Amino acid sequence: MNLYGRQAMERWARLAPTSLATMDRPQEFFEDLGEEIGVRVAQLIPDLAGPDSPSETVLEKTGRLNAAKAQAEEIAFSELVTPSPEPTSEDAYQEWRATNGLSLDWLADWAETSQSRDSAAMPIEELASQHGLPEEFLRELQQQENPYRSLLQNEQLLEARLRARFATRPTED
């Protein structure tokens, strides 16, 4: 694998470690990508360097060519090696909160509804599993005279538990 392939692999490892880990043949992928980057760099250098000047010194020409190569590498990497950064656990949490019906009102309604014997409310075990909440927390919530007030008092604990769920689970939820 050439230098460009190794650099691409390192960038992938930083920005998209899950994608890198799930690649079938990463060595082969980055060998090919490194070669492709090398070809693109070689194509870009002449245009970026411009023509030789009869008055430039060897040192000036070397500087101009080195600058063109550095710029060509930057362009080639931006074109060919830009994996999308993977969402963080906070990104996953915010997306989940935006699309999930779990709110203080919903939980309070669930607690009140589930107190009835013939309730069709979601079972504690399912709710706990689905939302990463401790079953004992939900049982205590069911016993509260005013579940909404209890949730307001424990809102930070609830928020911390939900965030913890996304810190330890894959982001595919």
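Since we're looking at a predicted model, the values are computed, not measured. Residue positions are given per chain, counting from 1 as you read along its sequence in written order. Owing to the predicted nature of the model, reporting of local features is limited to residues with pLDDT of at least 70; listing and counting of side-chain atom pairs is limited to 80 or more, with chain, interface and lining totals taken over all residues. Just so you know, side-chain values use all the structure's heavy atoms and leave hydrogens and water out.

## Structural notes on the overall build of the protein chain
This is how it is decided: Here a helix means four or more residues in a row that DSSP labels H or I, a strand means two or more in a row labelled E, and each is numbered from the N terminus. Three labels apply to residues, based on accessible area from a 1.4 Å probe with only protein chains included: buried if under 20% of the type maximum, exposed if over 50%, partly exposed otherwise in between. The contact definition used throughout considers only heavy atoms, calling two residues in contact when any of these lie within 4.5 Å. Here the Shrake-Rupley method, with its probe set to 1.4 Å, supplies the accessible areas, and only the displayed protein chains count as covering residues.
Of regular secondary structure, the protein chain possesses ten helices and zero strands. In the protein chain, which comprises 173 residues, the share counted as buried stands at 29%. Counting only contacts in the protein chain whose residues sit at least 6 apart along the sequence, the fraction spanning at least 24 positions is 65%. Element-wise, carbon and sulfur atoms account for 49% of the exposed surface of the protein chain, whose accessible area totals about 11,200 Å².

## Section: a negative patch on the surface
We apply this condition: In this scheme, patches are assembled from residues that exceed 30% relative accessible area and form no salt bridge. Like charges are connected within 9 Å, while nonpolar side chains (Val, Leu, Ile, Met, Phe, Trp, Tyr) are connected within 5 Å. Note on definitions: salt bridges are taken to be side-chain nitrogens of Lys or Arg within 4 Å of carboxyl oxygens of Asp or Glu. His is not counted here, nor are the chain ends, while Lys and Arg score as positive and Asp and Glu score as negative. Here the site of a charge means NZ on Lys, CZ on Arg, CG on Asp, or CD on Glu.
A cluster of acidic side chains, namely Glu31, Asp32, Glu35 and Glu36, defines a negative patch on the protein surface. Tracing the sequence through the fold places Asp32 in helix α3 (residues 26–49). The class of Asp32 is partly exposed, set by a relative accessible area of 47%.

## Concerning the nonpolar core
Put simply, the rule is: Here, nonpolar core means buried Ala, Val, Leu, Ile, Met, Phe, Trp, Tyr and Cys residues that are tied together by side-chain atoms lying within 4.5 Å of each other.
Core analysis: the biggest nonpolar cluster contains 16 residues, and Leu107, Trp110, Leu133, Leu138, Leu151 and Leu158 have the highest contact counts within it. For this core, the elements supplying multiple residues, two or more each, are α6 (104–114), α7 (124–131), α8 (135–143) and α10 (155–168). Leaving out residues up to four positions away in the same chain, Leu158 has contacts with Leu104, Leu107, Leu133, Phe137 and Leu151. Core analysis: the second largest hydrophobic core is formed by 15 residues, Trp12, Val41, Ala76 and Val81 among them.

## Some remarks on the pattern of salt bridges
Pairing of side chains with opposite charge becomes possible as their charged atoms draw close. Inspection of the entire model under this criterion finds eight salt bridges. We note a salt bridge from Arg25 to Glu28, for which the minimum N-O separation is 3.4 Å. Exposure remark for Arg25: the relative accessible area of 56% places this residue in the exposed category. The class of Glu28 is partly exposed, set by a relative accessible area of 39%. Notably, a salt bridge pairs Asp52 with Arg64, separated by 2.7 Å at the nearest N-O pair. Placement of Asp52 in the loop between α3 and α4 (58–80) and of Arg64 in helix α4 is noted, with a sequence separation of twelve residues between them. Residue Asp52 is classed as partly exposed on the basis of its relative accessible area, which comes to 47%. Residue Arg64 is classed as buried on the basis of its relative accessible area, which comes to 19%. Here the residues in one salt-bridge network are Asp52, Glu56, Lys61 and Arg64, joined through shared partners.

## With respect to the packing of aromatic side chains
The cut-off we apply is this: Between the rings of Phe, Tyr and Trp (Trp by its six-membered ring), a pair exists once the centres lie within 6.5 Å; its type follows the angle of the planes, with under 30 degrees stacked, over 60 edge-to-face, and the other angles tilted.
Under the definition given, this model contains four aromatic pairs. Where Trp12 meets Phe30, the ring centres are 5.6 Å apart and the plane angle is 75 degrees; that geometry is what we call edge-to-face. Taken together, the residues span a long stretch of sequence, with Trp12 in helix α1 (residues 3–15) and Phe30 in helix α3 at a distance of 18 residues. In this structure, Trp12 and Phe30 share a single accessibility class: buried. Seen from their ring centres, Phe29 and Phe30 are 4.9 Å apart, and the 90 degrees between their planes marks the pair as edge-to-face. Phe29 sits in the partly exposed class, given a relative accessible area of 35%. Joined through ring pairs, the aromatic side chains of Trp12, Phe29 and Phe30 make up one cluster.

## Remarks on the confidence of the model for the protein chain
The condition that has to hold: The pLDDT value expresses, per residue, how confident the predictor is, ranging between 0 and 100.
On average, residues of the protein chain carry a pLDDT of 84, and 87% of them reach 70 or more. Looking over the protein chain, one finds the lowest element-wise mean pLDDT in helix α5 (residues 89–99), namely 70, and the highest in α3, namely 96. Confidence over residues 169–173 falls short of pLDDT 50; this stretch has seven contacts with residues more than four positions distant or in other chains.

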